[in-house]
Amino acid sequence: MNKFFGYIFSPIFYLFFFLTLVIFQPIQWISYRLFGYKAHKTSVDALNFFLTYCDIFLGSSITFKNDQSLPLNRPIIFVANHQSMYDIPGLIWFLRKYHVKFISKIELTKGIPSISFNLKYGGGANIDRKDSKQAISEIIKLGRRMKENTWSTMIFPEGTRAKDGKLKSFQVGGIATLLKVVPNALIVPVAIENSWKLVRYGSFPLSFGERLRWTVLNPIEPEGRNPEVVTLEAENAIRTKLNQIAVL
């Protein structure tokens, strides 16, 4: 039935999703060019509110749980599993007060309404995966912006999407590089559930009636600890939440 109703409701979802991207392109441009970072961020937050709740056209339920008392005066490195592109709007919207930035492929800075503009001017790191020196340089620059502005960064350490929902081993590189620049950053794992199910049949139809869930887990203090150990602890916290076998 998920697939059957997906054929009916996916076109409606895509229509509203695409319209949201198109409408917010000029809004972002005006906000950034005329009023600066604060106005631009407000427009991006609003964009991702609407993108997140476009999921209701697919009969999806949306749950974001954050029982943690996270600081606003300290940079945070959020560490999450990655299941589909639909993970991201919810992360931006629900964590908006932490000024979350992303590390993205440089190819995404062109050709996508609203999304490309935000990646280009929103303060994140746009990396060339074929050029390791450029990638490290961009992550270091992002770390400096985190330090200067008390921003946060979202990292997907799997390196790619887990299309079947099974967590892949976390890579330590991005986290270790950021911690060298922002050693006082707090590590906060975020577990994402069921986003992969939306695209289990591919881009069409999208699956109908899925229960999308984001859960902020206990923060990890990295000070004086090896980045590999911290990364593994974050990975296992997410695995535990997803009921997947922990890595020893």
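Here's a quick rundown of the structure. (Residues numbered from 1 in each chain as written. Predicted model: local features only at pLDDT ≥ 70, side-chain atom pairs only at ≥ 80, totals over all residues. Heavy atoms only, no water.)

Notes on the packing of aromatic side chains
Centre distance and the angle of the planes are the two values used to describe a pair of aromatic rings. In the structure shown here, the tally under the stated rule is 22 aromatic pairs. Taking the centre distance of 5.6 Å and the plane angle of 75° together, the rings of Phe13 and Tyr86 count as edge-to-face. Separated by 73 residues along the polypeptide, Phe13 in helix H1 (residues 2–35) and Tyr86 in the loop between strand E2 (76–80) and helix H3 (87–94) bring together distant segments of the chain. Tyr86 shares its class with Phe13; the two are buried. Note on Phe49 and Trp93: the rings are 5.0 Å apart at their centroids and 65° apart in plane angle, and the pair reads as edge-to-face. Taken together, the positions of Phe49 in helix H2 (residues 37–53) and Trp93 in helix H3 put the pair 44 residues apart, joining distant regions of the chain. Among the aromatic residues, ring-to-ring pairing joins Phe24, Phe49, Phe50, Tyr53 and Trp93 into one connected group. (Phe/Tyr/Trp six-rings, centres within 6.5 Å; stacked < 30°, edge-to-face > 60°. Helix = DSSP H or I, 4+ residues; strand = E, 2+ residues; numbered from the N terminus. Buried < 20%, exposed > 50% of the residue type's maximum accessible area, 1.4 Å probe, protein only.)

A short note on unusual backbone geometry
In the segment running from Phe204 into Pro205, the intervening peptide bond is cis, with an omega of -5°. Mapped onto the elements of the fold, Pro205 is located in the loop between helix H7 (195–198) and strand E7 (211–216). Of note in this structure, His99 is not a glycine but carries a positive phi near 55°. Tracing the backbone through its elements, the reader meets His99 in the loop between H3 and strand E3 (100–105).

Looking at the side chain of Thr177
Within the secondary structure, Thr177 sits in helix H6 (residues 173–181). Residue class for Thr177 comes out buried when judged on its relative accessible area of 17%. A polar atom in the side chain of Thr177 sits 2.9 Å from the backbone oxygen of Gly173. (Polar contact = N/O pair within 3.5 Å; in protein donor to acceptor, adjacent residues only side chain to side chain.)

Remarks on the environment of Asn118
The topology assignment puts Asn118 in helix H4 (residues 115–121). For the pair Asn118 and Gln28, spaced 90 residues apart in sequence, the C-alpha separation works out to 7.8 Å. Excluding residues within four positions of it along the chain, Asn118 makes contact with Gln28, His40 and Val44. (Contact = heavy atoms within 4.5 Å.)

A short note on the sheet that holds strand E4 (residues 125–127)
Overall, mixed pairing links the seven strands, which are arranged E1-E7-E6-E2-E5-E3-E4 in an open sheet. Only two strands of the sheet have a single neighbouring strand rather than two, namely strand E1 (61–66) and E4. For this sheet the average axis-to-axis angle between neighbouring strands, irrespective of direction, equals 20°. Two elements, E3 and strand E5 (residues 152–155), share three bridges in a ladder whose sense is parallel. Across the sheet, the residue bridging to Phe102 is Met154, located in E5. Of the strands in this sheet, E2, strand E6 (186–193) and E7 touch helix H8 (residues 227–241), which is tilted by about 30° from E6. (Pairing = 2+ DSSP bridges. Axes fitted to C-alpha atoms, helices over the stretch in contact; angles between N-to-C directions.)

Observations regarding the pairing of E3
Across three bridges, E3 lies against E4 in parallel orientation. The partner of Ile103 across the bridge, within E4, is Ala125. Crossover E3 to E4 through H4 is right-handed. (Right-handed = clockwise from strand over helix to strand, strands pointing away.)

Remarks on helix H5 (residues 132–149)
If you check H5, its first and last C-alpha atoms are 26 Å apart, about what 18 residues at 1.5 Å a residue would give, namely 26 Å. Taken together, the buried positions of H5 are Gln134, Ala135, Glu138, Ile139, Leu142, Gly143 and Met146. Buried residues in H5 make contact with E2, E3, E4, E5 and H6. In this structure Asp131 caps H5, since a side-chain oxygen of it lies 3.3 Å from the backbone nitrogen of Lys133. Of the residues flanking the end of H5, it is Thr150, one or two places downstream, whose phi is positive at about 55°. (Expected span 1.5 Å × (residues − 1).)

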